[in-house]
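Architecture at a glance
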Amino acid sequence: MQSPVFIAKTRVDPGTRAILHLPVAGLYTHTETSMPVHVIHGRQKGPRLFVCGAVHGDEIMGIEIIRRLLKLKKIINLKGTLIAVPVVNVYAFVHHSRYSPDRRDLNRFFPGSENGSLTSRLAHSFMEEIVRGSDFGIDLHAGSNHRDNLPQIRVNFEDLKSLEIAQAFKVPVVINSATRDGSLRKAAAKENVSTVLYEAGEALRFDEVGIRAGIHGILSVMAGIGMIRSFSKRKPKGETLLADSTSWVRAPVSGILRMEKPLGARVTKGSRIGFISDPFGSGEVDIPSPVSGMVIGRLNLPLVHQGDAIIHIAHIDRLKSIEPAIEDFREEFID
Ligand SMILES: [Zn+2]
């Protein structure tokens, strides 16, 4: 039997679930503010996993993933503890913005400090109450600034424990991504909390395939670390591809973009991925792919300036296995 867990000075007994309110700085409207936290504390011992969304306030995919996850019967009798935080940056979320009202990116301010800026204090509270003491973490994100992402996991390949979770997530592609200073992943790693980042869809939008793949991925991870029983009788059809590096293709000229490659498409070096023209259709400029790989992110807004990042390509050698894997993946989650 587990011992009770204490979060935000509230006791949660084993075999119970609770919604807690982690106090954060109030608004200047005299409105009190808190970060809502859902705790499911199992009766039996097991790992502690945190799952969080909206570290970037406009990336709302994670909120829907967590809402649906918490309704599932599969997680009622889990072993260990699940801590779900749908909205981490509550201030940015209210403003439909990636950034906090003090114009800072929360994902550059971890682990934060008690006496720092508004954003830094928020990071500090989250680290102290949620991350510290956890064993594993899943941080849910979406593409920013009109960019749409294929469901993917970002993880540091050198961190083998995190890589294992990344593969357990069962998305088409796992990308090697070194942790940046101030990111939640880096701060969590320092506390020995193996954390992966899930990217899917676009900011301020819900993407059904990305939502379902996210829920499925979290459950797969929970099964992998022994929190729930293995739940899927179907064998995953497509293997997960590991990509060691990625490239952003930038607009060669300013103009109106026609993108010809969807997310998940295979591209070969030199093949056309789209073209840019002026509003009259003249002066068409082809955009060749600088590398061979798979499209994992793309700009949905067709209005571009020279130098804008328009398409994100994962460098993958095993190209042949990409396309069937992507089709299987879509079929599985659209059904
Ligand atoms: Zn993000």
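1. Here we look at the overall build of the protein chain
If you tally the helices and strands in the protein chain, you get 7 helices and 19 strands. For 335 residues, the compact-globule formula gives about 20 Å, and the C-alpha radius of gyration of the protein chain, at 21 Å, lands near that figure. Counting all 335 residues of the protein chain, 53% fall into the buried class. Of the roughly 15800 Å² of accessible surface on the protein chain, a fraction of 50% belongs to carbon and sulfur atoms. Positive and negative side-chain charges in the protein chain, numbering 43 and 36 respectively, have mean positions lying 5 Å apart.

2. A few points about helix α3 (residues 118–131)
For α3, built from 14 residues, the straight-helix expectation of 20 Å at 1.5 Å per residue is met to within 8% by its first-to-last C-alpha distance of 19 Å. Burial runs high along α3: 10 of the 14 residues are buried. When we look at burial in α3, the residues that qualify are Thr119, Ser120, Leu122, Ala123, His124, Ser125, Phe126, Met127, Ile130 and Val131. Immediately downstream of α3, the backbone of Gly133 shows phi near 100°, a positive value.

3. A word on the side chain of Asp58
With respect to the helices, strands and loops of the structure, Asp58 is situated in the loop between β5 (48–53) and α1 (61–71). An unpaired buried charge is present at Asp58: no salt bridge exists, and Arg98, the closest side chain of opposite charge, is 5.4 Å distant. Residues within four places of Asp58 in sequence aside, it is in contact with His96, Ser97, Arg98, Ala203 and Leu204.

4. So, the sheet that holds strand β18 (residues 303–304)
Taken in spatial order, the 4 strands line up as β16-β15-β13-β18 in an open sheet, and their pairing is antiparallel. Edge positions in the open sheet fall to β16 (285–288) and β18, since each of these has one partner strand only. Here strand β13 (residues 255–259) runs beside β18; their pairing, made up of 2 bridges, is antiparallel. The partner of Ile256 across the bridge, within β18, is Leu303.

5. Here's the deal with the coordination of the zinc ion
Coordination sphere of the zinc ion, protein contribution only: His56 (ND1), Glu59 (OE), Glu59 (OE) and His141 (ND1), at 2.0 to 2.6 Å. Coordination geometry of the zinc ion: the 4 donor atoms subtend angles of 54 to 147° at the metal centre, consistent with an arrangement described as irregular.

6. Topic: the side chain of Ser134
On the secondary structure map, Ser134 appears in the loop between α3 and β7 (136–143). Of the polar contacts made by the side chain of Ser134, one reaches the side chain of Arg48; its length is 3.2 Å. Within the structure, Ser134 has its side chain in polar contact with the backbone oxygen of Ile130 (distance 2.8 Å). Not counting chain neighbours up to four residues away, the residues in contact with Ser134 comprise Arg48, Phe50 and Val193.

7. Focus: the environment of Val253
If you trace the backbone, Val253 turns up in the loop between β12 (246–250) and β13. On the accessibility criterion, Val253 (26% relative accessible area) is partly exposed. With 53 residues separating them along the chain, Val253 and Gln306 place their C-alpha atoms 4.3 Å apart. Discounting residues that sit within four places of it in the chain, Val253 has contacts with Ile276, Val285, Val304, His305 and Gln306.

8. Digging into the domain arrangement of the protein chain
Here the protein chain is partitioned into domain 1 (5–224) and domain 2 (246–319). Here the C-alpha centroids of domain 1 and domain 2 sit 31 Å apart. If you look at the interface, domain 1 gives 11 residues, while domain 2 gives 15 residues. Between domain 1 and domain 2, the buried area comes to about 1000 Å², and carbon and sulfur atoms account for 63% of it.

9. Notes on the packing of aromatic side chains
Under the defined criterion, the tally for this structure stands at 3 aromatic pairs. Each ring, one from Phe50 and one from Phe126, has its centre 5.9 Å from the other, and the planes form 90°; the classification is edge-to-face. Of this pair, Phe50 sits in strand β5 while Phe126 is found in helix α3, placing the two residues 76 residues apart along the sequence. Residue Phe50 is classed as buried on the basis of its relative accessible area of 0%. Arranged with centres 6.2 Å apart and planes meeting at 65°, the rings of Phe110 and Phe126 form a pair that is edge-to-face. Here Phe110 is found in the loop between α2 (90–94) and α3, whereas its partner Phe126 is found in helix α3, with 16 residues between them in sequence. In terms of burial, Phe110 and Phe126 fall into one category: buried. Connected via pairs of aromatic rings, a cluster forms that spans Phe50, Phe110 and Phe126. Positioned above the aromatic ring of Trp248 is the side chain of Arg147, whose terminal nitrogen or guanidinium carbon lies 5.6 Å from the ring centre.

Calculation notes
Residues numbered from 1 in each chain as written. Predicted model: local features only at pLDDT ≥ 70, side-chain atom pairs only at ≥ 80, totals over all residues. Heavy atoms only, no water. Helix = DSSP H or I, 4+ residues; strand = E, 2+ residues; numbered from the N terminus. Rg over C-alpha atoms; globule rule 2.2 N^0.38 Å. Buried < 20%, exposed > 50% of the residue type's maximum accessible area, 1.4 Å probe, protein only. Areas by Shrake-Rupley, 256 points an atom, 1.4 Å probe, with all protein chains shown as cover. Lys, Arg positive; Asp, Glu negative; His and termini not counted. Charge placed at Lys NZ, Arg CZ, Asp CG, Glu CD. Expected span 1.5 Å × (residues − 1). Salt bridge = Lys/Arg side-chain N within 4 Å of Asp/Glu carboxyl O. Contact = heavy atoms within 4.5 Å. Pairing = 2+ DSSP bridges. Donors = N, O, S within 2.8 Å, 3.2 Å for Na, K, Ca; no water. Tetrahedral: all angles 85-135°; square planar, octahedral: opposite > 155°, others 65-115°. Polar contact = N/O pair within 3.5 Å; in protein donor to acceptor, adjacent residues only side chain to side chain. Domains from an automatic or database assignment. Buried area = accessible area lost by both parts, 1.4 Å probe. Phe/Tyr/Trp six-rings, centres within 6.5 Å; stacked < 30°, edge-to-face > 60°. Lys NZ or Arg CZ within 6 Å of the ring centre and 35° of its normal.

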